[in-house]
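Single-letter residue listing:
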Amino acid sequence: MKELTIQTKLAVYESIDELQKDDKSLMIQAKVACDKAYAPYSKFKVGAALLLENGEIILGNNQENAAYPSGMCAERVAIWKAHSDFPDVKMVKMALTIKSEKQVIKSPVPPCGACRQSIAEYEVKQKSPIVIFFMGEEGEIYKTKSLANLLPLVFDKEVL
Ligand code: THU
């Protein structure tokens, strides 16, 4: 028996103001998307802004449903919107933010497991990394240079 250690490395920014101009602008657009989320049940709004290689910025937010499992996360709304309109254009980076009606969350909120798997599909397909920035409502921002860092041991098409 031997052990396998899996490590991940994230960049930590003190606040949105520490980001480079373009990344700050992407996060501000995620905040705009977040404000428009439809989250009447959880009261937890999530916004995503996805930059494509052709310069398009695709916004997404969570869409809830009275039949709870029929709702959808912001990240998947954004990537599916992007991949349905621009199936051959690579995804470059995604900014994520949240707003809860219950509390002000000041620590970074990462994408859920199902969204990581869904984003990984396109990262594997396009053979180039998708950078992810994520934050709470305010405070620090975490950046990973590739979705793969958030989902080690990904299940992908290679095994099918
Ligand atoms: N949500 C997202 O939009 N993205 C995630 O990565 C995690 C959760 C949404 C789903 C639901 O509408 C609300 O947040 C509470 O779970």
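That block above? That's the structure.
Residues numbered from 1 in each chain as written. Predicted model: local features only at pLDDT ≥ 70, side-chain atom pairs only at ≥ 80, totals over all residues. Heavy atoms only, no water.

Novice: Just to check I follow, could you spell out the packing of aromatic side chains for this structure?
Specialist: Geometry of an aromatic ring pair is reported as the spacing of the ring centres plus the angle between the planes. The full count for this structure, using the stated rule, is 3 aromatic pairs. On the numbers, 6.5 Å between centres and 45° between planes, the contact of tyrosine 13 with phenylalanine 133 is tilted. You can see tyrosine 13 sitting in strand E1 (residues 11-13) and its partner phenylalanine 133 sitting in strand E5 (residues 131-135), a full 120 residues away along the chain. Comparing tyrosine 13 with phenylalanine 133, the two get one shared label, buried. Judged by centre distance (5.6 Å) and plane angle (40°), the rings of tyrosine 41 and tyrosine 68 are tilted. With tyrosine 41 in the loop between helix H1 (21-35) and strand E2 (44-52) and tyrosine 68 in the loop between strand E3 (57-61) and helix H2 (74-85), this residue pair connects regions lying 27 residues apart in the sequence. For tyrosine 41, a relative accessible area of 38% translates into the label partly exposed. (Phe/Tyr/Trp six-rings, centres within 6.5 Å; stacked < 30°, edge-to-face > 60°. Helix = DSSP H or I, 4+ residues; strand = E, 2+ residues; numbered from the N terminus. Buried < 20%, exposed > 50% of the residue type's maximum accessible area, 1.4 Å probe, protein only.)

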